[in-house]
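Coordinates in review
If you want the building blocks of each chain, they are given just below.
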Amino acid sequence: MSFESEGDYSSVAWDTGTTDYLKPEDLLDQVAEEPPSQDLTRSTISNIDDSMFSTLAPSTINHTDNIANNRQSATDSYAPSVVVPAAYPMTITVTSPVKELDGTKEAFISYLITTETTLETFVAPKATVRRRFQDFVFLCNSLSRDFAACVVPPLPDKHRLEYITGDRFGPEFVEKRRASLQRFLERLARHPTLQKSEYFRIFLESSEWNAESFYRQKKSGDGVFENLGDALLNAFSKIKKPDERFIEIKENIDKIEENLQTIERLYFKIIKRQSDLEADYREFGTSIVNLGQFETGIETQLKKFGETTEKFADAWKRMTDREESEYLNQIREFLSYCHCVKNVLKLRDQKQVDFEELSEYLQGALIEKENLVSTGKGSTGLSSFLVDYIKNVDQEQAKKERLQKLDAKITELKREVESSNDISEKFSDEIVKEYEVFQNIKTVELKDSL
């Protein structure tokens, strides 16, 4: 069984410079069934390195596309002076859903993905592959893990009523998912970093795509449970010196969410009213046709009028269905996109919390050393002194040993504070750029949807 879908697909035209690429063997070690959320479990220092930040360096290639220069200033007053690279021209379409393994428990829908791009890393300027929803999940998980400073767009929710009722192979559901998956890929294509990732290239052009083989190739030592402790610890900590830039960004995202939620709520009422009107028009047309059976003198005219009313009701339904699938669903998806931005902002806050807490530990160690040098008593206080005295411990030797331990602790803490500060600053710089990328995508998508 197959469902052919025709539509007017918009292309994305950007321009940027080159970057380093990941290796295929570095791909994710697990294929999850659910789209990932950029949550607190990816917030520790242990899974951050310079590769996360290097891909958003300012581009040295000129570009003529004016998308990056368009700014929607009605609700967003924040305008950082940063240089954000654009993306290479890339057009992606998701079409021709086909049911695979029909009649079995493993049945699924595959989608034809056609890519046209000028990226030199692609084997050819045009690539065509088939992918299933689980492959999209794998791609999203991989990007979310290795590009923690990027706002990876969300996938359509898998826990929908269609999975319970068994209608997930129905034409209407398949078409909605197809459109959502295309928007997901278009957002990646508009992102100057994610579009050049090795994950994305392999997903779009590899004829030997096999997520399970990639799973076996990479076994990461940094698991979720390894990072969970620090994430939970920081979840209850607050930033002592908030950065005004990110306070304003969060306020802007909150405003966007609030406006989109208002639009969603009102437009849902509009669509419901249009559906009611469609039913009324159909009933009215049927009544006119029935009236013609009694008014024989104008039966033909009444029948034509009734049939025309029925056609009008059909057109009204097509309009309502299109507005729901192409506008209302986009509003809902963009709300999820805003949530992803806020999750990345939380990650940035946790990097700053890491730095602030380590700085406090360092300050405490320095005070302890100062007290030990001046009074001979460290943080252990009088009780330790008395114990040492009773045991006839050489106080000078004990003091010297404690100073040596404190010096080693202070050296280590200084190194960690410096590293944490570097990570926090780099993460913050990338979030500023990510917000600009989000603004560009928002401007394009909301304008296109209208």
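This report concerns the structure included in the present document. None of the values given here were measured: they were computed from a predicted structure.

The next subject is the overall build of the protein chain. Counting its secondary structure elements, the protein chain contains 11 helices and 3 strands. Put simply, the protein chain runs from its N terminus to its C terminus through helices and strands in the order α-β-β-β-α-α-α-α-α-α-α-α-α-α. Contacts in the protein chain between residues at least 24 apart in sequence constitute 83% of all its contacts with a sequence separation of at least 6. When the accessible area of the protein chain is evaluated, it comes to approximately 24300 Å², of which 52% is carbon and sulfur surface.

In space, the 3 strands of this open sheet follow the order S1-S2-S3, with antiparallel pairing throughout. The two strands at the open ends of the sheet, each matched to only one other strand, are strand S1 (90-100) and strand S3 (126-132). Pairs of neighbouring strands in the sheet enclose a mean axial angle of 20 degrees, with direction left out of account. Here 9 bridges tie S1 to strand S2 (residues 108-117), and the two strands are oriented antiparallel to one another. Counted as the bridge partner of valine 94 is isoleucine 113 from S2.

On to the packing of aromatic side chains. Counted under the stated rule, the structure contains 12 aromatic pairs. The interplanar angle of 85 degrees and the centroid separation of 4.8 Å between the aromatic rings of tyrosine 281 and phenylalanine 312 together place this pair among those described as edge-to-face. Note that tyrosine 281 is positioned in helix H8 (residues 244-292) and phenylalanine 312 in helix H9 (residues 299-375), a separation of 31 residues in sequence. When its relative accessible area of 29% is taken as the criterion, tyrosine 281 is described as partly exposed. Given a relative accessible area of 38%, phenylalanine 312 falls into the partly exposed group. Between the aromatic rings of phenylalanine 334 and phenylalanine 438, the centroid separation amounts to 5.5 Å while the plane-to-plane angle is 35 degrees, which identifies the pairing as tilted. In this pair, phenylalanine 334 is assigned in helix H9 and phenylalanine 438 in helix H11 (residues 395-449), connecting sequence segments 104 residues apart.

What counts and how
- Residues numbered from 1 in each chain as written.
- Predicted model: local features only at pLDDT ≥ 70, side-chain atom pairs only at ≥ 80, totals over all residues.
- Heavy atoms only, no water.
- Helix = DSSP H or I, 4+ residues; strand = E, 2+ residues; numbered from the N terminus.
- Contact = heavy atoms within 4.5 Å.
- Areas by Shrake-Rupley, 256 points an atom, 1.4 Å probe, with all protein chains shown as cover.
- Pairing = 2+ DSSP bridges.
- Axes fitted to C-alpha atoms, helices over the stretch in contact; angles between N-to-C directions.
- Phe/Tyr/Trp six-rings, centres within 6.5 Å; stacked < 30°, edge-to-face > 60°.
- Buried < 20%, exposed > 50% of the residue type's maximum accessible area, 1.4 Å probe, protein only.

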